[in-house]
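The residues making up each chain are set out below.
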Amino acid sequence: MTVSLADIEAVAELVGEVAITTPMEESRWLQAIVGGPVLLKCENLQRTGSFKIRGAYVRLSRLSPAERARGVVAASAGNHAQGVALAAKMLGIKATVFMPDGAPIPKVNATRGYGAEVRFHGEYLTQALVAAKAFSDETGAVFIHPFDHVDIVSGQGTTGLEILQQAPEASTVLVPTGGGGLIAGIAIAIKGLRPDVRVVGVQAEEAASFPESLRRGMPVALEQMTTMADGIAVACPGDVPFAAIQKYVDDVVTVSEDSLSRALVMLLERAKMVVEPSGAAAVAALMDQPTAFGTPVVAVLSGGNVDPLLLGKLIRHGLASGGRYMSLQVHIPDRPGGLARLLTELADAGANVLEVEHDRTTTSLHIGEVEVRLQLETRGVDHAEGVLHRLREHGYHVIE
């Protein structure tokens, strides 16, 4: 089954009844990096905190009375769960959602808050999908796939219509990509109206199923995934979105975990935008390859549902990746004043010492030496390199 521009345009009014038209924000700090206009499509500010309500509502609204009476079941790491739960509540349908063990607490609580029953199964979304399908077979509940259905793709495609309305000058659109429902819908909409606009998917490199799938011409499942970006951690593309992506998407690139965390921190610090790691993927690609996509470019912020505890860890990780935190081992003479002189050098270099630990028993030490392990706070990569240079210039043996 395929999705057309007409299908997306046909559901635009329906989606408009439940979803807001999210802002398109200019990003001057990214513009300075890229060298041209950069716009952020803020689906992190959408109802339920992501684009998922668009497709979920279209899918559920088209169920027959008999199907609605049987209820619905879905599997999700959190964003699709909330979209299905809210849509079901609006339409008076009982909803059960299977989520992976360890799903972010805010996503779990929000899903329950919209009235859905939450069950946990497996480590990844793929395993939760199996459990949801089994539940559907056993109970008759209608299975609502997170991305592999024409109604889901059509609903997500309304994001593409909005992008062209809000940024008609765009030359490239970057889209976080997991199972492919969002980018498929956006690409169908954009290519149907503006075939000259490039559409590029962005995946976490530790959960990137599309590059190999596109190379082989069919959906190929990953054997394992390890990424902080749970919203796009999908082991295998869906058939419906894959066909559209083959036809309409110009490229799919990948970004590292460090890049994701750096982008998340920069969005928080400079754009005042709270996003989850998957929602920062498009910005991560821009920061990694500032001249690769041309301008004006639109980066879709696909979701903002992040656990505050995880956010704290991600911020620390992003700061470390950006050179704002340093871990060093320094060998100093084991005599009075040795540590004081080291700390004075660090203070003069403008580094803030967070932690200090002594070790006199390491085998790599010479007699009369002490190893000092330090956690430092710096102002960025250049400053961190300057701190290292100063220490080495003053004769210290430094191990990064």
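Now for a look at the structure at hand. (Residues numbered from 1 in each chain as written. Predicted model: local features only at pLDDT ≥ 70, side-chain atom pairs only at ≥ 80, totals over all residues. Heavy atoms only, no water.)

### Overview of the overall build of the chain
Next, step 1: Scanning the chain from terminus to terminus reveals 16 helices and 14 strands.
Next, step 2: Across its three principal directions, the C-alpha atoms of the chain cover 80 × 45 × 40 Å.
Next, step 3: Looking at the chain as a whole, 55% of its 400 residues are labelled buried.
Next, step 4: Within the chain, contacts between residues separated by at least 24 positions form 72% of all contacts whose residues are at least 6 apart in sequence.
Next, step 5: When the accessible surface of the chain is split by element, carbon and sulfur atoms take 50% of a total near 16700 Å².
Next, step 6: Distance between charge centroids for the chain: 4 Å, based on 34 positive and 45 negative side chains. (Helix = DSSP H or I, 4+ residues; strand = E, 2+ residues; numbered from the N terminus. Buried < 20%, exposed > 50% of the residue type's maximum accessible area, 1.4 Å probe, protein only. Contact = heavy atoms within 4.5 Å. Areas by Shrake-Rupley, 256 points an atom, 1.4 Å probe, with all protein chains shown as cover. Lys, Arg positive; Asp, Glu negative; His and termini not counted. Charge placed at Lys NZ, Arg CZ, Asp CG, Glu CD.)

### A closer look at the pattern of salt bridges
Next, step 1: Scanning the model with the defined rule gives 17 salt bridges in all.
Next, step 2: Taking the shortest distance from any N to any O, the salt bridge between glutamate 162 and lysine 41 comes out at 2.7 Å. Taken as a pair, glutamate 162 in helix 8 (residues 150-166) and lysine 41 in strand 2 (residues 38-42) lie far apart in primary sequence, 121 residues in all.
Next, step 3: The partner of lysine 94 in a salt bridge is glutamate 117, with the nearest N and O atoms 3.8 Å apart. Of the two residues, lysine 94 sits in the loop between helix 5 (79-91) and strand 4 (95-99) while glutamate 117 sits in strand 5 (residues 117-120), which places them 23 residues apart along the sequence.
Next, step 4: Looking at lysine 94, the relative accessible area reads 57%, which means it is exposed.
Next, step 5: For glutamate 117, a relative accessible area of 32% puts it in the partly exposed group.
Next, step 6: Among the charged side chains, a network of salt bridges with common partners joins Lys41, Glu43, Arg54 and Glu162. (Salt bridge = Lys/Arg side-chain N within 4 Å of Asp/Glu carboxyl O.)

### A few points about the sheet that holds strand 12 (residues 352-359)
Next, step 1: The strand order across the open sheet formed by four strands is 12-13-11-14, and the pairing between neighbours is antiparallel. Of all strands in the sheet, those with a lone pairing partner are strand 12 and strand 14 (397-399), marking the two edges. Adjacent strand axes in the sheet meet at a mean angle of 25°, parallel and antiparallel pairs treated alike.
Next, step 2: With seven bridges joining them, strand 12 and strand 13 (residues 369-377) adopt antiparallel strand pairing. Bridge assignment links valine 353 to a residue of strand 13, and that residue is leucine 376.
Next, step 3: On top of the sheet, helix 15 (residues 338-348) reaches strand 11 (325-333), strand 12 and strand 13; it is set at about 30° to strand 13, its chief contact.
Next, step 4: Along the sheet, helix 16 (residues 381-393) contacts strand 11, strand 13 and strand 14; its crossing angle with strand 11, the most-contacted strand, is approximately 5°. (Pairing = 2+ DSSP bridges. Axes fitted to C-alpha atoms, helices over the stretch in contact; angles between N-to-C directions.)

### Description of the nonpolar core
Next, step 1: Residues Leu40, Leu174, Leu260, Leu267, Val283, Leu286 and Leu301 are the most contacted members of the largest nonpolar core, which totals 35 residues.
Next, step 2: Secondary-structure elements contributing two or more residues to this core are helix 2 (28-34), strand 2, strand 8 (198-204), strand 9 (251-255), helix 12 (257-271), helix 13 (281-288), strand 10 (297-301) and helix 14 (308-321).
Next, step 3: With six residues, helix 13 is the largest single contributor of residues to this core.
Next, step 4: Not counting residues within four places of it along the chain, the set of residues in contact with leucine 174 comprises Val200, Val202, Ala282, Leu286, Phe293, Val297, Val298, Ala299 and Val300.
Next, step 5: The next biggest cluster of nonpolar side chains, apart from the first, holds 34 residues, and it includes Ile8, Leu161, Ile190 and Val300. (Core = buried A, V, L, I, M, F, W, Y, C linked by side-chain atoms within 4.5 Å.)

### Side note on the sheet that holds strand 7 (residues 172-176)
Next, step 1: The strand order across the open sheet formed by six strands is 1-2-10-7-8-9, and the pairing between neighbours is mixed. Every interior strand has two partners, whereas the edge strands, strand 1 (24-26) and strand 9, have only one. Adjacent strand axes in the sheet meet at a mean angle of 25° when their direction is disregarded.
Next, step 2: Against the sheet, helix 8 touches strand 1, strand 2, strand 7 and strand 10, its axis set at about 140° to strand 2.
Next, step 3: Of the strands in this sheet, strand 2, strand 8, strand 9 and strand 10 touch helix 12, which is tilted by about 90° from strand 9.

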